[in-house]
Amino acid sequence: MKIALIGFGTVGQGFIEILKEKHALLAAVYGFSAQIVAVATHSRGTLMDPHGLDLDALMDAISQGHLGNYPKADGVVRDLPVEKIIDQCGADVLLEASWTNLKTGQPATDYCLRAFQNGQHVVLANKGPVALHYQQLADAARAAKKSLRFEGTVMAGTPSLTLAKEALAGCTISAAKGILNGSTNYMLTEMERGIDYEDVMDDAKAKGYLEADPTADVGGWDAASKAVILARSLFGADIGINDLDVSGIDVLSADDIAAAQAAGERYKLIAEVTPQGGSVKAVRLPLADPLAGVGGTTNAITFETDLLGPVTLVGAGAGRRETGFALLADVLAIRRQGFL
Ligand code: HSE
């Protein structure tokens, strides 16, 4: 499978690390082998080689701060604009793993549409295009007869969307509710241990859990974008981020958290969505509530179904390899579906 990777930050690097580590297993068990034919970043250069880039050299180059450090080699084209890369790289699949922009979803949305025009499948870890332009992307995928997948946009590589859309196909899901933001759940857990808000935020940033703009996490907007992705992709609901009732953990003080603890309760940032709308807000839960026991960057989601009742999934919600894996899961699914 020839893969073009847009964005080479935490998630893109996590994906390449997994490919390097699991190369032999993926070939032996799934008959899968990948060639990375292009990598594009916003400010750290771009590389294209339709015959495949060397993964060790790629990781070395980015660890030195710029793809320009990739060794000289025949066939490697440097610093092409992303549009030209998409047109010329010959990829089967475009992976969009650049920073989420929840205001416009650009330039990633245009890259995805261009990939469909070029007959490429599209996999996103970037939430902006899916939260803001879901219908346009779904229509373009259908017109191109290509796959559009975005498992990494909700609960990292924990298969929330695949569970709901594939394993639970045939059930009617009436609501989804849970903890959908890893960084704030981690922050709340650490703050309960008495660690200061600013310190824990620096820590979460260093670990790669937070968005480029952390106000998206602490203000509840990241969880809201995930609620919208669920509403659109599971319910076909015409709901946008601004239709939700959103607040975050930035309204909580250390005293609020201590008061909840003293009362045998715990704050959690809970997202809830139905076909009619939804909300994100910090809620005080009794310790006996199953969601109160979900700590650190772990996320949880409960789908209310007609045939099974509530179905709950708990797993990683953020992180380098945790989200890098989502890209791998989606490309393996594209292969399993017989597309490639
Ligand atoms: N900033 C996001 C979170 C990353 O903390 O959940 C994963 O979407």
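The structure under discussion appears in the preceding block.
Quick look at the structure, then. Note that this is a predicted model, so its numbers are computed, not measured. (Residues numbered from 1 in each chain as written. Predicted model: local features only at pLDDT ≥ 70, side-chain atom pairs only at ≥ 80, totals over all residues. Heavy atoms only, no water.)

1. A short note on the pattern of salt bridges
Here comes step 1: This structure, assessed with the given rule, holds 16 salt bridges.
Here comes step 2: Here glutamate 192 ties to arginine 266 by a salt bridge, and the two come within 3.1 Å at their closest N and O atoms. Here glutamate 192, found in helix H7 (residues 182–192), pairs with arginine 266, found in strand E10 (residues 265–274); they are 74 residues apart in sequence, far enough to count as distant.
Here comes step 3: By relative accessible area, glutamate 192 is classed as buried at 18%.
Here comes step 4: The shortest N-O distance in the salt bridge between aspartate 203 and lysine 207 comes to 3.0 Å.
Here comes step 5: Accessibility expressed as a relative area gives 24% for aspartate 203, which makes it partly exposed.
Here comes step 6: Via salt bridges that share partners, Glu17, Glu21, Arg320 and Arg321 belong to a single interconnected network. (Salt bridge = Lys/Arg side-chain N within 4 Å of Asp/Glu carboxyl O. Helix = DSSP H or I, 4+ residues; strand = E, 2+ residues; numbered from the N terminus. Buried < 20%, exposed > 50% of the residue type's maximum accessible area, 1.4 Å probe, protein only.)

2. A closer look at the packing of helix H1 (residues 10–30) against helix H2 (residues 55–63)
Here comes step 1: One way to put it is that H1 packs onto H2 with a least axis distance of 10 Å and a crossing angle of 150 degrees. With respect to their mutual orientation, H1 and H2 come out roughly antiparallel. As H1 packs across H2, the resulting crossing turns out to be left-handed. Taken together, the residues of H2 that come into contact with H1 (itself represented by Gln13, Ile16, Glu17, Leu19 and Lys20) are Leu55, Asp56, Met59 and Ile62.
Here comes step 2: The residue makeup of the contact of H1 with H2, split by class, is five nonpolar, one polar and three charged. (Axes fitted to C-alpha atoms, helices over the stretch in contact; angles between N-to-C directions. Parallel < 35°, antiparallel > 145°, perpendicular 65-115°, else oblique. Left-handed = near helix turned anticlockwise from the far one by under 90°. Contact = heavy atoms within 4.5 Å. Nonpolar A, V, L, I, M, F, W, Y, C, P; charged D, E, K, R; others polar.)

3. Concerning a negative patch on the surface
Here comes step 1: A surface patch of negative charge is lined by Asp196, Glu198, Asp199 and Asp202.
Here comes step 2: Of note, aspartate 202 is situated in helix H8 (residues 197–206). (Patch = residues over 30% accessible without salt bridge, like charges linked within 9 Å, V, L, I, M, F, W, Y side chains within 5 Å. Areas by Shrake-Rupley, 256 points an atom, 1.4 Å probe, with all protein chains shown as cover. Lys, Arg positive; Asp, Glu negative; His and termini not counted. Charge placed at Lys NZ, Arg CZ, Asp CG, Glu CD.)

4. Re the packing of aromatic side chains
Here comes step 1: Counting across every chain of the model gives two aromatic pairs.
Here comes step 2: With 6.0 Å between their ring centres and 85 degrees between their planes, tyrosine 134 and phenylalanine 150 make a pair best called edge-to-face. Of the two residues, tyrosine 134 is situated in helix H5 (residues 127–144) and phenylalanine 150 in the loop between strand E7 (148–149) and helix H6 (160–167); the sequence distance between them amounts to 16 residues.
Here comes step 3: Relative accessible area serves as the criterion here: at 14%, tyrosine 134 is assigned to the buried category.
Here comes step 4: The class for phenylalanine 150 is buried, based on a relative accessible area of 3%.
Here comes step 5: On the basis of an interplanar angle of 70 degrees and a centroid distance of 5.3 Å, the ring pair of tyrosine 186 and tyrosine 209 is categorised as edge-to-face. Here tyrosine 186, found in helix H7, pairs with tyrosine 209, found in the loop between H8 and helix H9 (215–218); they are 23 residues apart in sequence, far enough to count as distant. (Phe/Tyr/Trp six-rings, centres within 6.5 Å; stacked < 30°, edge-to-face > 60°.)

5. Here's the deal with the sheet that holds strand E6 (residues 121–124)
Here comes step 1: In space, the seven strands of this open sheet follow the order E4-E3-E2-E1-E5-E6-E7, with mixed pairing throughout. Among the strands making up the open sheet, the edge pair consists of strand E4 (77–78) and E7.
Here comes step 2: Two elements, strand E2 (residues 35–40) and strand E3 (residues 46–48), share three bridges in a ladder whose sense is antiparallel. Paired with alanine 40 across the two strands is threonine 46, which belongs to E3. (Pairing = 2+ DSSP bridges.)

6. Some words on the site of the ligand
Here comes step 1: For the ligand, the full set of nearby residues is Lys127, Asn181, Gly182, Ser183, Tyr209, Leu210, Glu211, Asp217, Asp222, Lys226, Gly317 and Ala318.
Here comes step 2: In this structure, tyrosine 209 approaches the ligand through a main-chain N or O atom, which is 2.7 Å from a nitrogen atom.
Here comes step 3: A distance of 2.9 Å is found between an oxygen atom of the ligand and a side-chain nitrogen or oxygen belonging to lysine 226.
Here comes step 4: Counting only elements with at least two residues in the shell around the ligand, the list comes to H7 and helix H10 (221–235). (Near = heavy atom within 4 Å. Polar contact = N/O pair within 3.5 Å; in protein donor to acceptor, adjacent residues only side chain to side chain.)

7. As for unusual backbone geometry
Across residues other than glycine, the phi torsion is negative in most instances, and most of the peptide bonds are trans.
Here comes step 1: Residue proline 107 follows glutamine 106 across a cis peptide bond; omega there is 0 degrees.
Here comes step 2: Among the secondary structure elements, proline 107 is positioned in the loop between strand E5 (93–96) and helix H4 (108–117).
Here comes step 3: Not every positive phi belongs to a glycine, and aspartate 79 is a case in point at roughly 60 degrees.
Here comes step 4: With respect to the helices and strands, aspartate 79 occurs in the loop between E4 and helix H3 (82–88).
Here comes step 5: Here aspartate 79 falls in the exposed class, since its relative accessible area comes to 53%.

8. Structural notes on the sheet that holds strand E13 (residues 309–316)
Here comes step 1: On the basis of which strands lie adjacent, the open sheet formed by six strands has the order E9-E11-E10-E8-E12-E13 and mixed pairing. The open sheet is flanked by strand E9 (245–246) and E13, the only strands paired with a single partner.
Here comes step 2: In the sheet, E9 pairs with strand E11 (residues 277–286) via two bridges, with the strands oriented parallel. Note on E11: the bridge partner recorded for aspartate 245 is serine 279.
Here comes step 3: In the packing of H7 onto the sheet, contacts are made with strand E8 (173–179), E10 and strand E12 (298–305), and the angle to E10 comes to roughly 165 degrees.

Interpretation in functional terms is not warranted from these geometric data alone.
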